[in-house]
Every structure is written in C-alpha cells, then in structure tokens.
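Reading the structure
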Amino acid sequence: MEEKNNTQNHSEDIINLVIARLETIPPNVEMSVGNEGSFSIDELIEKVKKQDAIGKKMIEMQLAYLRSLGKLPTQDLQNAPANN
Amino acid sequence: MLLLITRPLYDRATYYLFYWAGLLIDEARKKGVRVIDLDKDKAMRKKLHSYLAKQPIDIVILNGHGNQEAVAGQDNKIILSVGNGTNLLNGKVIFVRACDAGAILGKEIMKMGARGFIGYIQPFMFPIDKDSFKKPTEDELASPVLACSNQVGLSLIKGRSTAEAQKDSLDKYTEAIDKYSSSEAINSFLLPILLWNMTSQVCYQ
C-alpha cells in the first residue's frame, strides 16, 4: 500500500505558510493519513519541512484550500480538482 | 436489498472506520436491509470473494486502507485489486472508503460491469481528537469528515442511486464547509480537510 510521491519541491515561502497554518491547529489533534498512520501536528510540521510524501500532501491540501478562497458559493467547490 | 460491508480493525484509522461503518450497519438493519458484516478477521479476500460470488449482493461498502489499484482488509492484506475480484462486482454498487482507489481500481470495477462506484482519488484523511479516542463516533473533530463520507452509505441504503448518493454526500460537505466558514466557528482548521476529501470523492456510473 504505497502512495505515489509528488517529486515537485515547494519554495521556502510556501513551506513557511503551510507551517504557520498547521501551527494554528490545537495540540490535541492528530491527523489520520491513510495507511501511513496518524500524526501529531508537530510530526506533520516536520514532514512539511522535509517535504516527504505526507508533507507534500499536507502542502497540497492547504494550497488547494487557499486557492479555493474566493470561489463562493461553496457549491462551486464540488467541481474543484483536489490536486490543483 | 443485501449489503456487504468490510470493517477491518487493526490501527487508528481502521478503528475509526470500524465504528463509523457500524453506524451504517445499524441504519441498514433499521430499514430492513440484510447485512453481511465482514468485520475484523472476516475482512479477508477469500471470504469477500466467496460472498460476492454466491450471494445476490446489491451494495458493497469496503472500509480500510488502499492505493490506486487495491483495497486492503484485516492486517492490511489486499482483498480486492485490479484483475483480482473486480469481475465479482458486476451489477453491484460499490463504495470504497479507502485512499486513492478511485483513481484506477474504481475505473476497472466499472469496466467489469458494476452499476456504480464511489471512492477517493487521493488519500482519505481525517482529524482525531486524542481526548475522544475511546469514543470515535463522538469525536467532534473526526465527525464532520466521517459523517459526510458516511452519507454515501446512508443514501445507498435508502435506495438512492449512485449519483444521488454522491450528491447527498457532497451537499453534506458543502453544509459543513459553510458551517466552519462562519465567523463564529471554532475549529476552522477543519476546512482544508473537508475540502480535500470532498474534492477527492469521485463517482462513476
């Protein structure tokens, strides 16, 4: 059960933006990421810094959300690609 | 109507899915739907294929880990994959709650004659409140995501079509996104997760 890795690396500005967003998540939260396991927010931040496969998924997720802002009403989001 | 559901249980993700899928079983039984519950060690390839071959199953709901070409059961052992069991889904409606399986496996299932497929083309992710771990169906952080996903199963159990079940689920995601977007909302960190799963959920028919 391996996931395909996105080989693209992100800029330091993007990494810092995503880390800043992850730091707003309460410390009692863990994230279940498929069969990769469950991770604390600190672990996710480390993965974002390393830009490993899970870190890149976190970056993709945050960027997809940020790009969606302004696309209101949210009905429109039903057609938005996840990997944009 | 006959529903087959797999519910492996061996790590945190499957622990949550096990109990959330249990809600679908409860609802199905309330509605008089017969249920084949392949839980824990019963979520194995041989049993799944045997039931699919011999029973007049209408709806199949697979919970567990996955990748683009396969879905796993208990202990991460593959129970369905491209070229191995997809032909047994001919004429059935399938919901695969597992990472990535919508990308390739779902299309293969449709090619083999399934009536409909709903699944995910990216990793299925959800937050867990460590303080609620013992009560997964009451976890207020996991619930928004898992309730939207569960809506697929609830709608199928009610006899809704695959397309209608997908719409019902996406409508629920939209409601949740609107709720957590309001200025008074706490836990707005859920928004990227809701959007991720919503836009990763695909429907083929």
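Above this text sits the structure in question.
To keep things clear, this report deals only with the structure shown in the data block.

This part takes up the overall build of chain B. A count of helices and strands for chain B gives 6 helices and 10 strands. The C-alpha radius of gyration computed for chain B amounts to 16 Å, which stays within 12% of the reference 17 Å derived for 205 residues, consistent with globular compactness. Overall, chain B is about 50 × 35 × 30 Å in size when its C-alpha atoms are taken along their principal axes. Buried residues in chain B amount to 52% of all 205 residues. Relative to all contacts within chain B whose residues are 6 or more apart in sequence, the contacts with residues 24 or more apart total 64%.

What follows covers the sheet that holds strand β4 (residues 66–67) of chain B. Residues and elements named next belong to chain B. Pairing within the open sheet is antiparallel, and its 3 strands lie in the order β4-β5-β6. A single partner strand is all that each edge strand has here, and the edge strands are β4 and β6 (78–81). Relative to β6, strand β5 (residues 70–72) runs antiparallel, the two sharing 3 bridges. Among the inter-strand pairings, A70 is bridged to a residue of β6, identified as S81.

The next thing to look at is unusual backbone geometry. All names here are of chain B. Even without a glycine there, the phi angle at K40 is positive, about 45°. Tracing the backbone shows K40 in the loop between β2 (34–39) and α2 (45–54). Residue K40 is classed as partly exposed on the basis of its C-beta count, with 17 C-beta atoms lying within 10 Å. The phi angle at D100 is positive, at roughly 65°, despite the residue not being glycine. Among the structural elements, D100 can be located in the loop between β7 (93–97) and α3 (105–111). What makes D100 buried here is the crowd of 27 C-beta atoms within 10 Å.

All names here are of chain B. Turning to its location among the elements, F18 is positioned in helix α1 (residues 12–30). The buried category is assigned to F18, around which 20 C-beta atoms lie within 10 Å. In the structure, F18 is positioned 124 residues away from A142 in sequence and 13 Å away in space, judged by C-alpha atoms. Leaving out residues up to four positions away in the same chain, F18 has contacts with R7 and L9.

Rules and cut-offs
Residues numbered from 1 in each chain as written. Chains lettered and ligands numbered in written order. Predicted model: local features only at pLDDT ≥ 70, side-chain atom pairs only at ≥ 80, totals over all residues. Helix = DSSP H or I, 4+ residues; strand = E, 2+ residues; numbered from the N terminus. Rg over C-alpha atoms; globule rule 2.2 N^0.38 Å. Buried ≥ 20, exposed ≤ 12 C-beta atoms within 10 Å, placed from the backbone. Contact = placed C-beta atoms within 7 Å. Pairing = 2+ DSSP bridges.

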